[in-house]
Amino acid sequence: MPLQSISSKKIIDSLSIIDTPSVPRASKTNFPTCEPSPASLIQPAPTVHTPTAPQGAESSVSASSIPTLTLRELADKRNIYIGAAGDASQFADPEYAKLLSREFNMVAAENAMKWQVLHPEPDRYDFSAGDALVSFAKSQQMAVYGHVLVWDYGYPSWVSEEERSRDAWIQLLCTHVKTVVSHYRGQIYAWHVVNEVVNNDGSLRNTLWMKTIGPEYIAMTFQWAREADPGALLILNDHFGEGLNVKSEAIYSLVKGLLQMGVPIDGVGMQMHLWLWGPPTSQELETNMQRLADLDLDVHITEMDVRTQLSSDSIEVKMAVQADTYRQVLAACLITKRCKVFVTWGLTDRYSWIPAFTGKPDVPLLFDVNGQPKPAYYAIRDLLRYP
Ligand code: G3I
């Protein structure tokens, strides 16, 4: 299959990219820029949550039966990151906090760094939830994955409902991105700079920013993020483009085009929200990851979970298939030298977003609702232990 499908060609055309592979990676684009918001707009020092149990609260997890050799120890030995997404409010449970820091060397901000949380009013930023997460990670020597600078979801009404000129939209986005990235400068391993910007048919998603700024918003956001924190990896994150399909062709063409423009993009995040049936094969994953790595990009597994709902199999069969799915994805990552991050979207089944989102029970993660390791945990641990 040709790497540049018709729809991905449309993406490149819409970015006015000329295919000139000799354009150097570090060259700078000439987009408008801005200064971060002044400190006076940032709420005073937050109360940082510490991992102590609230009085009388019952712990939801127990780390007692975790084997001695942890995922974190194995990942450290391999010099890779293994992470889970979470929110600081969950760290109040000491067993949860203990499990998280024992098993993972990275935590991803599930919600704490989204626009509606960080920037609820035009002239007010609230970093308390994000700061609590960063503070917890520091105290446990864990890396932080920043999520997310631009998404087409979760904006307060003051952002989406006001009419603005194109220049004013650019300034709004630029100031938000620079303020947030500057605030966390030096503390974030990688940022999801843009999230879910490609449709499943390979066209660019008609996001708020696409409508108001045009497709250049993608390149601009990467540039602003790099200006605000040259040390953080800048990632384009998306779902359903993990295997080989129209969407992954489009993502490949998009990032190749961005690199040719000199846009400072460091990698592609593969969300990896999967079901028990029909996950991409290891071969597809490896091929897709490797062609991105060949562009000199990192590849991260950023939001993995495996839904079990809508299957009539026994729980034993479901757990075995789920374990195999996790194993295959991690195997493809370990084979690809540029894949050094593997993050699950939540720590235990108690905190997964899927039941609330689908309205159906589900158990998609590595640990059950009580924090006990599942077959998927052992599958991953064994793979990390015996390559
Ligand atoms: O914090 C409020 C709480 O104060 C309020 O009482 C409650 C009432 O519904 O809502 C709480 O906020 C919820 C938030 O999760 C924290 O629990 C939001 O309603 C809910 O929409 C939000 O869902 C998150 C969703 O993104 C939308 O932002 C999920 O937790 C989160 O897992 C999910 O993550 C996304 C990634 O960002 C992008 N990729 C897909 C992934 C799954 O949808």
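Residues numbered from 1 in each chain as written. Predicted model: local features only at pLDDT ≥ 70, side-chain atom pairs only at ≥ 80, totals over all residues. Heavy atoms only, no water.

1. Let's talk about the state of the cysteines
Throughout this description, disulfide means a covalent bond between two cysteine sulfur atoms.
Okay, step 1: Taken as a whole and judged by the stated rule, the model has two disulfides.
Okay, step 2: Each sulfur in the disulfide pair C34 and C174 lies 2.0 Å from the other. Here C34 and C174 share a disulfide; its torsion about the S-S bond, -95°, makes the bridge left-handed. Here C174 lies in helix α7 (residues 166-183) and C34 lies in the loop between α1 (6-14) and α2 (71-78), a separation of 140 residues in the sequence. Across this residue pair, the class does not change: C34 and C174 are buried.
Okay, step 3: Residue pairing for C333: its cysteine sulfur links by disulfide to C339, the two sulfurs lying 2.0 Å apart. Taking the torsion about the S-S bond as the criterion, the C333 to C339 disulfide, at about -95°, is left-handed. For the pair formed by C333 and C339, the shared burial category is buried.
Okay, step 4: If you count the bonded cysteines of the chain from the N-terminus, they pair up as 1-2, 3-4. (Disulfide = S-S within 2.5 Å. Helix = DSSP H or I, 4+ residues; strand = E, 2+ residues; numbered from the N terminus. Buried < 20%, exposed > 50% of the residue type's maximum accessible area, 1.4 Å probe, protein only.)

2. Quick notes on the environment of E73
Okay, step 1: In this fold, E73 is placed in helix α2.
Okay, step 2: Reaching out from E73, the side chain makes a polar contact with the backbone nitrogen of T70 at a distance of 2.9 Å. (Polar contact = N/O pair within 3.5 Å; in protein donor to acceptor, adjacent residues only side chain to side chain.)

3. A few points about α7
Okay, step 1: The end-to-end C-alpha distance of α7 is 26 Å, a good match for the 26 Å that 18 residues give at a rise of 1.5 Å each.
Okay, step 2: Buried residues of α7: W169, I170, L172, L173, C174, T175, H176, V177, K178, T179, V180 and V181, and no others.
Okay, step 3: In the core, the buried residues of α7 are packed alongside α4 (115-118), β3 (143-150), α6 (157-160), β4 (190-195), α8 (208-212) and α9 (216-228). (Expected span 1.5 Å × (residues − 1). Contact = heavy atoms within 4.5 Å.)

4. Regarding the site of the ligand
Okay, step 1: Taken together, 13 residues form the shell around the ligand, and within it E110, K114, H147, E196 and E303 come nearest.
Okay, step 2: Take E110: an N or O atom from its side chain is 2.5 Å from an oxygen atom of the ligand.
Okay, step 3: Taking W345, its side chain carries an N or O atom lying 3.0 Å from an oxygen atom of the ligand.
Okay, step 4: In isolation the ligand has 790 Å² of accessible area, and contact with the protein removes 49% of it. (Near = heavy atom within 4 Å. Areas by Shrake-Rupley, 256 points an atom, 1.4 Å probe, with all protein chains shown as cover.)

5. Let's talk about the pairing of strand β5 (residues 233-238)
The side chains of a regular strand alternate between both faces of the sheet.
Okay, step 1: Across the six residues that make up β5, a large majority, six, are buried.
Okay, step 2: Residues L233, I235 and N237 point to one face of β5 and L234, L236 and D238 to the other, with burial holding for every one of them.
Okay, step 3: Sheet analysis places β4 next to β5, joined by five bridges and oriented parallel. Within β5, the residue paired with A190 across the bridge is L233.
Okay, step 4: Relative to strand β6 (residues 267-270), β5 runs parallel, the two being bridged by four bridges. Residue pairing for β6: L236 is matched across the bridge by V268. (Pairing = 2+ DSSP bridges.)

6. Concerning the packing of aromatic side chains
Okay, step 1: Tallying each qualifying case throughout the model produces 17 aromatic pairs.
Okay, step 2: Measuring from ring centre to ring centre gives 6.4 Å for F104 and F367, while their planes differ by 70°; the resulting arrangement is edge-to-face. Highlighted residues: F104 in the loop between α3 (94-103) and β2 (106-109) and F367 in the loop between α13 (354-358) and α14 (375-385), separated in sequence by 263 residues. Pair check on accessibility: F104 and F367 agree, each one buried.
Okay, step 3: With centroids separated by 5.0 Å and ring planes inclined at 50°, the aromatic side chains of W151 and Y153 adopt a geometry described as tilted.
Okay, step 4: Given a relative accessible area of 57%, Y153 falls into the exposed group.
Okay, step 5: Clustering of aromatic rings is evident, with ring pairs tying together W115, Y155, W158, W169 and W209.
Okay, step 6: In this structure, R164 is placed above the aromatic ring of W169, and the distance from its NZ or CZ to the ring centre is 4.4 Å. (Phe/Tyr/Trp six-rings, centres within 6.5 Å; stacked < 30°, edge-to-face > 60°. Lys NZ or Arg CZ within 6 Å of the ring centre and 35° of its normal.)

7. Points about the nonpolar core
Okay, step 1: One finds L100, F104, M113, W191, W209, L236 and I301 to be the most contacted residues of the largest nonpolar core, which totals 108 residues.
Okay, step 2: Core analysis: the second largest hydrophobic core is formed by 11 residues, A85, A143, A190 and V343 among them. (Core = buried A, V, L, I, M, F, W, Y, C linked by side-chain atoms within 4.5 Å.)

8. Here we look at the packing of helix α10 (residues 246-260) against helix α11 (residues 282-293)
Okay, step 1: Axis separation between α10 and α11 bottoms out at 11 Å; the angle between their running directions is 10°. Taken as axis vectors, α10 and α11 run roughly parallel relative to one another. On α11, the residues touching S248, E249, Y252 and V255 of α10 are N288, R291 and L292.
Okay, step 2: The residue makeup of the contact of α10 with α11, split by class, is three nonpolar, two polar and two charged. (Axes fitted to C-alpha atoms, helices over the stretch in contact; angles between N-to-C directions. Parallel < 35°, antiparallel > 145°, perpendicular 65-115°, else oblique. Nonpolar A, V, L, I, M, F, W, Y, C, P; charged D, E, K, R; others polar.)

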